[in-house]
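Below, each chain spelled out in residue letters.
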Amino acid sequence: MKQVFTRPESLKDVQTHFCPGCHHGSVHRLVAEAMDEFGIRDKTIGVASVGCSVFLYGYFDIDVIEAPHGRAPAVATGAKRARNDRIVFTYQGDGDLAAIGTSEIIHAANRGEDITVIFVNNTTYGMTGGQMAPTTMVGQKTSTSPYGRNQAKDGYPIRMAELLAQLEGVAFSARVAVNSPRNVMQAKKMIKTAFRYQVEGRGFSFIEALAACPTNWGMNPLAANERVGSEMIPYFPLGVYRNTANL
Ligand SMILES: Cc1ncc(C[n+]2csc(CCOP(=O)(O)OP(=O)(O)O)c2C)c(N)n1
Ligand code: SF4
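Attention here is on the structure that accompanies the text. Computed from a prediction, not measured in an experiment: that's the story for all the values here. (Residues numbered from 1 in each chain as written. Chains lettered and ligands numbered in written order. Predicted model: local features only at pLDDT ≥ 70, side-chain atom pairs only at ≥ 80, totals over all residues. Heavy atoms only, no water.)

If you check the shell around ligand 1, you find 16 residues, and the closest are Cys52, Asp94, Gly95, Asp96 and Gly126. Glycine 95 has a polar backbone atom sitting 2.8 Å from an oxygen atom of ligand 1. At 2.7 Å, a backbone N or O of aspartate 96 approaches an oxygen atom of ligand 1. In isolation ligand 1 exposes 600 Å². Once the protein is present, 74% of that is buried. When atom positions are compared with the pocket grids, ligand 1 is found to occupy the largest pocket. Sort the elements by how many residues they give to the shell around ligand 1 and helix α4 (residues 94-100) lands first, with four residues. Residue composition of the shell around ligand 1, by class: five nonpolar, nine polar and two charged. (Near = heavy atom within 4 Å. Polar contact = N/O pair within 3.5 Å; in protein donor to acceptor, adjacent residues only side chain to side chain. Areas by Shrake-Rupley, 256 points an atom, 1.4 Å probe, with all protein chains shown as cover. 1 Å grid on protein atoms, 1.4 Å probe; cavity = no way out; pocket = protein on both sides within 12 Å on 5 of 7 lines; lining within 4 Å. Sits in = over half its atoms within 2 Å of the grid points. Helix = DSSP H or I, 4+ residues; strand = E, 2+ residues; numbered from the N terminus. Nonpolar A, V, L, I, M, F, W, Y, C, P; charged D, E, K, R; others polar.)

Attention shifts here to the site of ligand 2. Every residue near ligand 2 is listed here: Phe18, Cys19, Cys22, His24, Cys52, Asn122, Gly126, Cys213, Pro214, Thr215 and Asn216. In this structure, ligand 2 is accommodated by the largest pocket. Of the residues forming the shell around ligand 2, the biggest block, three residues, is contributed by helix α9 (residues 214-217). Considered class by class, the residues forming the shell around ligand 2 number six nonpolar, five polar and no charged.

Next up on the list: the packing of aromatic side chains. Applying the stated rule across the entire model yields seven aromatic pairs. Here phenylalanine 55 and tyrosine 57 contribute two aromatic rings whose centre-to-centre distance is 6.2 Å and whose plane-to-plane angle is 80°, an arrangement assigned as edge-to-face. What makes phenylalanine 55 partly exposed here is its relative accessible area of 35%. On the basis of relative accessibility, which here comes to 42%, the residue tyrosine 57 falls in the partly exposed class. Where phenylalanine 60 meets phenylalanine 89, the ring centres are 6.1 Å apart and the plane angle is 70°; that geometry is what we call edge-to-face. Here the residue phenylalanine 60 occupies a position in the loop between α2 (56-59) and β2 (63-66), and phenylalanine 89 occupies one in strand β3 (residues 87-93), the gap between them amounting to 29 residues. Across this residue pair, the class does not change: phenylalanine 60 and phenylalanine 89 are buried. Here arginine 159 stacks its cationic end above the ring of tyrosine 235, 3.8 Å away from the centre of that ring. Here lysine 192 stacks its cationic end above the ring of phenylalanine 38, 5.9 Å away from the centre of that ring. (Phe/Tyr/Trp six-rings, centres within 6.5 Å; stacked < 30°, edge-to-face > 60°. Buried < 20%, exposed > 50% of the residue type's maximum accessible area, 1.4 Å probe, protein only. Lys NZ or Arg CZ within 6 Å of the ring centre and 35° of its normal.)

So, to be careful, I would describe these as geometric facts and stop short of saying anything about function.
The following block contains the structure:
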């Protein structure tokens, strides 16, 4: 029988710690497929952040540097400037990138660092028990907003893909989701484009991936997957927000 589905070479053959229905695993796979397709596994450095993606080094068969919370773009800047023959990407959660690391991501993007950023937006701090993040939806209940996020007190969810698209240093900024086969295929295309931009030395590329966190949303995997489509995508529309190839 012909095998039609295989594990990407860039992913180790190990079981992950992700909860059932978590989209981190799907995003990992697409990143690994992009590395395989460009044949860059041996020269890629991943920069992991803290959060549920902290074990990047255990799942990807590449070199990984562990960065403190929010500091991955700064660490990636150093790695890429020291070894500009390498492909360097960060992989960060929304609490990490849009809260503690706001300044790092904005300045790395504005400097046009030649790195790729994979940003997983699951509207909550996953690893530490589901606290409110800058991306938490208005009305969403979290462990620190038990009555729901209140925009008058807490502000509105930040749309990072659009925000970074305003910066001259950004070569590519797009938002994707992995909640349906169609969206997975589109996400794969966008993640490949983000890596291709770095392979071609075009500058900073950014992918925001909308993701489910069934555990902290208090939902089963199916309902959590559906929430991505019914609640998140209407507020965080999918698409390309900046593409210097078109300018
Ligand atoms: C400087 C710093 N502040 C806070 C923490 C605690 N911390 C670890 S993971 C985490 C939340 C991560 O959430 P997010 O970035 O949204 O990623 P997710 O777990 O949802 O993938 C926090 C607050 C830390 N390790 N370091
Ligand atoms: S807590 Fe949420 S983000 Fe973390 S592994 Fe579980 S489902 Fe995924």
